[in-house]
Each structure stands twice: as C-alpha cells, then as structure tokens.
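# Fold and geometry: a report
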Amino acid sequence: MYKQIDSNKNKTALLIGAFLVFVIGFGWVLSRAFDNPAILFIAVVFSFIQAWVGYFYADKIALAVSGAHPLERKEAPGLFHIVENLAIAAGIPAPPLYLIDDSAPNAFATGRDPSHAAVAVTSGLLEKLNKTELEGVIAHELSHVTNYDIRLSTIVVVLVGIIALASDWFLRSMFWGGGRRNRDNDGGNGLFVILGIILAILAPIAATLIQLAVSRKREFLADASGALLTRYPEGLASALEKIARDKEPLEVANKATAHMYFENPLKNYSGTVNNLFSTHPPVEERIKALREMA
C-alpha cells in the first residue's frame, strides 16, 4: 500500500512539473512572437480569479448541481457511524453528509481542506453495497480530502486556464492581423509566430490531457490511501466491481462534475484513446492494483 501511495504521489509531481514547464515554454513562445507579455499577464489574472472562485465555492456549486441535500443521522445511522470511525482514523473532522436521490450507486467528496469538506452519496449506494464495500468507498472519498486533491485540482485549473486564454488571444490576434504587423516590424519573429500558431492549436488539447492524467493518478492514490485507512483493500475492490456492473445511469451527472465521483458516472467505453480522455482509470486497473496490495 505504501509503495502504491509513494508511486502515485511521485507520478503526480512529475505531471505537475511537466505542466509548469509546458506553460512557461508556451508563454515564452507567445511573448517572442508578439513581443508583448501584457496580454499573457491578463490571462494569468483571469485564470487566478476563476480558480479563486472555484476554490472557495466549488463545494457548494457541486452539491447544488448534483441535487444533493443534507442527510440526517436518523436516515442512515450506519453511514454516520462509518464516516465518524474513518474520520477518527484519518485524523480529520467528520464531514457533513449529503444524499443524492438516485438509484445509481456512486459518491463524491468536495471541499478545499478537511475543515471545509463534505461527502455526498447516492441512495443507490446505500441500498446496493454491503458494510465493508461502503467503508471502502467512504475511505476513498475521505482520502481525497486528506490528500488535498481539491487544492491540487485548483492549481491545475489555473494552468489550464492560462493556456486556454493565451491560445484564444493569440489566434484572435493573428486573425485580426496582429501577427502580420509584428512580422513587418521584426522579420525575426516569423518563426515564433508560426510556432505560436501550432502551439495555440495543440496546447489546449495537451493541457486537457495532462489535467485528465493528473485526475487519474489522484484516483489511484485515493484507492491506495483508502485501502490503507481500512486495512482491507478487498472491500474497495468489491465495491468497484459492483458499481461497474451496475447499468443504472446517474441522471444528475454531467461532464463538469463527472471527475468528482468515486467511479466515472458517464460510463465511458474502454480503449486507449477513450482512456486518455477519461477522468478515471479503467476499473480493471484499479481493482488489479487493490488486489495486489492485498
């Protein structure tokens, strides 16, 4: 379990490092092409504002969009007992619980840190999973909180936002003749203009792929951390199998919130290309890694 945790932390750090180098390199090419870093600075400011709003209000937005409502202890005393025990083991406050009235089994955690966290579960999860499976799912979600995955995703959102805004500005400037004027003023910029156009088209795609890769690594990390918390990887593996077999669609799910759930609620088709554009690793790989821990 410790090896899995260390491996996924290292891979996430490498991805974030590569992302930073990518952003810096992209910004440098644009500044050389237009010799004007002011617009890039504005893009950075807008990205940080967007990330700030998401950082402080993402939990409330996610719960509202998902149709979650506060869960009372009398409605699910067993779930409250599981959450409180695992929160004590993790050394964090027990987060408030929310219920999504949907028969598809799934769950998600949100919140920027352990003191501002919440866990939402579907009614289908409570009905279809046994106690050890439910413990595995809750341990996975609490691990997202203790691993500060929301904070990490905010950093990634900032980087993706910078690239998206800078790319859009560059292409619009080229369309309105900005690149031609720069070439007229300094012929040496021509190569950087061409390189900038190529990067402006490909960079948002590459940034999205890196963002999704980070998301998949954090899912592996949450699996390993959750298994360490319960000391029973088979419970989490069994929950994954049961949820993957369930064909009931999660009606409240959408592309904006799919990455938050325990298992991808959009039921993507398998395949190398589809896996690259998925927020979650293939279920088979997650189960295999958990059973190797056991």
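Quick caveat: nothing in here was measured; it's all calculated off a predicted structure.

### Some words on the side chain of D102
Relative to the helices and strands, D102 resides in the loop between β2 (97-100) and β3 (107-110). Despite being buried, D102 has no salt bridge partner; K128 is the closest side chain of opposite charge, sitting 7.6 Å away. At 3.0 Å, the side chain of D102 forms a polar contact with the backbone nitrogen of A104. When near neighbours in sequence (up to four residues on either side) are disregarded, D102 contacts T122, S123, G124, P249, L250, E251 and V252.

### Points about the pairing of β2
Judged from the two bridges that link them, strand β1 (residues 69-70) and β2 form a sheet pairing that is antiparallel. Bridging from a neighbouring strand, P70 pairs with Y98 of β2. Of the pairings in the sheet, the one linking β2 to strand β4 (residues 118-122) comprises four bridges and is parallel in character. Paired with L99 across the bridge in β4 is V121.

### Concerning the environment of D168
Considering the arrangement of structural elements, one finds D168 in helix α6 (residues 149-175). Distance in space between the C-alpha atoms of D168 and A200 is 7.3 Å, their sequence separation being 32 residues.

### Structural notes on the sheet that holds β4
Strand order in the open sheet made by the four strands is β1-β2-β4-β3, with mixed pairing throughout. Across the chains shown, the open sheet's two edge strands, defined by having one partner strand only, are β1 and β3. Contacts between helix α5 (residues 131-146) and the sheet are confined to β3 and β4, with β3 contributing the most and set at about 20 degrees to the helix.

### Re the packing of aromatic side chains
Enumeration according to the criterion identifies one aromatic pair in this entry. An angle of 75 degrees between the planes, with centres 5.1 Å apart, marks the rings of F108 and Y261 as edge-to-face. With F108 in strand β3 and Y261 in the loop between α9 (233-245) and α10 (272-276), the pair connects residues that are 153 residues apart, well separated along the chain. Here the guanidinium or amino end of R286 rests over the ring plane of F262, the centre of that ring lying 5.2 Å away.

### Considerations on the packing of α9 against helix α11 (residues 283-293)
The geometry of α9 relative to α11 is characterised by a closest axis approach of 8 Å and an angle of 160 degrees between their N-to-C directions. Between α9 and α11, the crossing angle belongs to the class labelled roughly antiparallel. The hand of the α9/α11 crossing is left-handed. Only V283, R286, I287, L290, R291 and M293 of α11 make contact with α9, whose side of the interface consists of P233, E234, L236, A237, L240, E241 and A244. Of the residues that constitute the contact of α9 with α11, the class distribution is nine nonpolar, no polar and four charged.

### Looking at a nonpolar patch on the surface
A surface patch of nonpolar side chains, about 770 Å² in accessible area, is lined by F41, V45, I49, W52, V53, Y57, I61 and V65. In this structure, I61 sits in helix α2 (residues 38-65). The partly exposed category is assigned to I61, whose relative accessible area is 46%.

### What to know about α9
Over its 13 residues, α9 runs 19 Å from end to end, which matches the ideal 18 Å to within 8%, given 1.5 Å per residue. Among all positions in α9, only P233, G235, L236, A237, S238, A239, L240 and I243 are buried.

### Concerning unusual backbone geometry
A positive phi is found at Y148, a non-glycine position, where the angle reads about 55 degrees. One can find Y148 in the loop between α5 and α6. Backbone geometry places R231, a non-glycine residue, at a positive phi of 60 degrees. For R231, the position within the fold is in the loop between α8 (190-230) and α9.

### Brief notes about the nonpolar core
Across soluble globular proteins, nonpolar side chains have a tendency to be buried as a group. Of all hydrophobic cores here, the largest spans 36 residues; its most connected members are L79, V121, L125, V137 and I138. For V121, the residues in contact, after removing those within four places along its chain, are L79, Y98, L99, I100, N106, A107, L126 and I138. Core analysis: the next-biggest nonpolar cluster, separate from the first, contains 22 residues, F19, F26, L152 and F192 among them.

### A few points about the confidence of the model for the protein
Here the protein averages 82 in pLDDT, while 82% of its residues score no lower than 70. The least confident element of the protein, judged by mean pLDDT, is helix α7 (residues 178-185) at 51; the most confident is β2 at 97.

### Section: the pattern of salt bridges
Applying the stated criterion to the full structure yields ten salt bridges. Here E84 and R73 are joined by a salt bridge, their closest N and O atoms 2.2 Å apart. Separated by eleven residues along the polypeptide, E84 in helix α3 (residues 77-90) and R73 in the loop between β1 and α3 bring together distant segments of the chain. You can call E84 partly exposed: its relative accessible area is 28%. Overlapping salt bridges, with partners in common, bring together E219, D223, E263 and R286 in one network.

Calculation notes
Residues numbered from 1 in each chain as written. Predicted model: local features only at pLDDT ≥ 70, side-chain atom pairs only at ≥ 80, totals over all residues. Heavy atoms only, no water. Helix = DSSP H or I, 4+ residues; strand = E, 2+ residues; numbered from the N terminus. Buried < 20%, exposed > 50% of the residue type's maximum accessible area, 1.4 Å probe, protein only. Lys, Arg positive; Asp, Glu negative; His and termini not counted. Salt bridge = Lys/Arg side-chain N within 4 Å of Asp/Glu carboxyl O. Polar contact = N/O pair within 3.5 Å; in protein donor to acceptor, adjacent residues only side chain to side chain. Contact = heavy atoms within 4.5 Å. Pairing = 2+ DSSP bridges. Axes fitted to C-alpha atoms, helices over the stretch in contact; angles between N-to-C directions. Phe/Tyr/Trp six-rings, centres within 6.5 Å; stacked < 30°, edge-to-face > 60°. Lys NZ or Arg CZ within 6 Å of the ring centre and 35° of its normal. Parallel < 35°, antiparallel > 145°, perpendicular 65-115°, else oblique. Left-handed = near helix turned anticlockwise from the far one by under 90°. Nonpolar A, V, L, I, M, F, W, Y, C, P; charged D, E, K, R; others polar. Patch = residues over 30% accessible without salt bridge, like charges linked within 9 Å, V, L, I, M, F, W, Y side chains within 5 Å. Areas by Shrake-Rupley, 256 points an atom, 1.4 Å probe, with all protein chains shown as cover. Expected span 1.5 Å × (residues − 1). Core = buried A, V, L, I, M, F, W, Y, C linked by side-chain atoms within 4.5 Å. pLDDT = per-residue confidence, 0-100.

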